[in-house]
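Residue-level listing of the chains:
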Amino acid sequence: MAYRGVGGHGQVLSSDHFHVNCGTRPACRPPMHSICMVSDFFYPNMGGVESHIYQLSQCLIERGHKVIVVTHAYGNRKGVRYLTSGLKVYYLPLKVMYNQSTATTLFHSLPLLRVRLLGALEHQDVRNVLVQGHIFLNTSLTEAFCMAIVEAASCGLQVVSTRVGGIPEVLPENLIILCEPSVKSLCDGLEKAISQLKSGTLPAPEKIHNRVKTFYTWRNVAERTEKVYDRVAGEVVLSMDKRLDRLISHCGPVTGYIFALFAVFSFLFLLFLRWITPDSTIDVAIDATGPNGAWTRQYSFSKKGKKNDEIAKTR
């Protein structure tokens, strides 16, 4: 989730407020973005989601973007804390209901709470558990990326997973068997994986590991994330009447009006929230550079094979 930075007097800042001194270089640096990552799961909890958010945030900060993380309080860890490179973390005093999940996350996960296999694992124990198997079954109904299947493939397991969210983009076809989110399809996928395992047609675990370890680096992920924000920042922000017209025209004569009604209610609720909690009372996420600017970094990036250009400071 992205948001625009707020200046010292509550004014909204656009990308025009960030100046890059390009000098005589052939191309200017794209505008900096203000990015907010929201998750129930973050440090001091450590797992796939937490590691993903932390590493991606560090790489985005390294590329000159402003990043904050919003999560719930963990014990006495409440309020605002700073992590490496000035990463600002808001630990909100929200009630935890189950396994470090707040109400929204818990209610969405209720259908999954009937099964318990190994319980929570320490991050350093994940590899030792995974290498005991040959097949990794992922039955997610919704998923953005699924770090677990990357970890499983990196440990040499054949992955069988539901075809949901961004999972089809995570691994190549010969390293994952994609199934529809149904019992029959998952059973068929498992039978196919077991058949390949028995026939010896699956590649050796070390070969799978050597392939997977080249797929992702956090800096590469940060560059692709940056491109998404660059594209979104360049889009025109529609007025409310145009948004309602688009909902009605794209979603049908009945559903479209229902969605439009919900959009109006949401907009009115937002106005109510801004009335009871004015923008001027909200804590401003100031830029942090560390002692003597120690957290400020210079980052070089290449484009179309050209020589890397050094980014000038945005201050």
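Here the structure is a predicted model, which means the values were calculated and not measured.

### Overview of the packing of aromatic side chains
In total, this model carries three aromatic pairs according to the counting rule given. Measuring from centroid to centroid gives 5.5 Å for F145 and Y216, while their planes differ by 80°, and the two rings are edge-to-face. Of the two residues, F145 is situated in the loop between β5 (135-138) and α4 (147-154) and Y216 in the loop between α6 (205-212) and α7 (218-233); the sequence distance between them amounts to 71 residues. A relative accessible area of 23% means that Y216 is categorised as partly exposed. Both rings, one in F215 and one in Y216, keep their centres 6.4 Å apart while their planes meet at 90°; by these two values the pair is edge-to-face. A relative accessible area of 27% places F215 in the partly exposed class.

### Some remarks on the UniProt feature "transmembrane region" (unreviewed entry) in the chain
UniProt's entry tags residues 254-273 with the feature "transmembrane region" (unreviewed entry), counted in the numbering of this structure. Helix and strand shares over residues 254-273 are 95% and 0% respectively, and the end C-alpha atoms of the span are 29 Å apart.

### A short note on the pattern of salt bridges
Scanning the model with the defined rule gives six salt bridges in all. Several salt bridges share partner residues, and in doing so they unite R63, E223 and E226 into one network.

### Overview of the side chain of E62
Examined against the element boundaries, E62 turns out to sit in helix α1 (residues 48-62). Only 2.8 Å separates the side chain of E62 from the side chain of R219, close enough to count as a polar contact.

### Things to note about the nonpolar core
Here is a general trend for soluble globular proteins: nonpolar side chains tend to be buried in one another's company. Grouped together as the largest cluster of nonpolar side chains are 19 residues, with contacts concentrated most on L130, F136, I149, V159 and L171. Element by element, the count of residues in this core is highest for α4, at four residues. Contacts of L130, omitting those with residues within four sequence positions, involve F136, E151, A152, C155 and L157.

### Quick notes on the sheet that holds strand β3 (residues 79-83)
Taken in spatial order, the four strands of this open sheet run β1-β2-β4-β3, and their pairing is mixed. Of all the strands in the sheet, just β1 (34-38) and β3 have a single pairing partner and so form its edges. With strand direction ignored, the average angle separating the axes of adjacent strands in the sheet is 25°. One ladder, built from five bridges, connects β3 with strand β4 (residues 87-92); its direction is antiparallel. Across the sheet, residue L83 finds its bridge partner in β4, namely L87.

### A word on the confidence of the model for the chain
When pLDDT is averaged along the chain, the result is 77; 77% of the residues meet or exceed 70. The low-confidence segment residues 300-315 (pLDDT under 50) makes 30 contacts with residues lying over four places distant or belonging to another chain.

### Notes on the sheet that holds strand β6 (residues 158-162)
On the basis of which strands lie adjacent, the open sheet formed by three strands has the order β5-β6-β7 and parallel pairing. At either end of the open sheet lies a strand with only one pairing partner, and these are β5 and β7 (176-179). Between one strand and the next, the sheet's axes are offset by a mean angle of 15°, whatever the strand orientation. Bridge analysis of β5 against β6 gives four bridges, and the strand direction is parallel. Considered in β6, the bridge of N138 is made with S161. Across the sheet, α4 touches β5, β6 and β7, and the angle it forms with β5 is around 175°. Its contacts with the sheet place helix α5 (residues 183-199) against β5, β6 and β7, and it is angled at close to 160° to β7.

Criteria and cut-off values
- Residues numbered from 1 in each chain as written.
- Predicted model: local features only at pLDDT ≥ 70, side-chain atom pairs only at ≥ 80, totals over all residues.
- Heavy atoms only, no water.
- Phe/Tyr/Trp six-rings, centres within 6.5 Å; stacked < 30°, edge-to-face > 60°.
- Helix = DSSP H or I, 4+ residues; strand = E, 2+ residues; numbered from the N terminus.
- Buried < 20%, exposed > 50% of the residue type's maximum accessible area, 1.4 Å probe, protein only.
- UniProt positions renumbered as here; feature names shortened; annotations may be inferred.
- Salt bridge = Lys/Arg side-chain N within 4 Å of Asp/Glu carboxyl O.
- Polar contact = N/O pair within 3.5 Å; in protein donor to acceptor, adjacent residues only side chain to side chain.
- Core = buried A, V, L, I, M, F, W, Y, C linked by side-chain atoms within 4.5 Å.
- Contact = heavy atoms within 4.5 Å.
- Pairing = 2+ DSSP bridges.
- Axes fitted to C-alpha atoms, helices over the stretch in contact; angles between N-to-C directions.
- pLDDT = per-residue confidence, 0-100.

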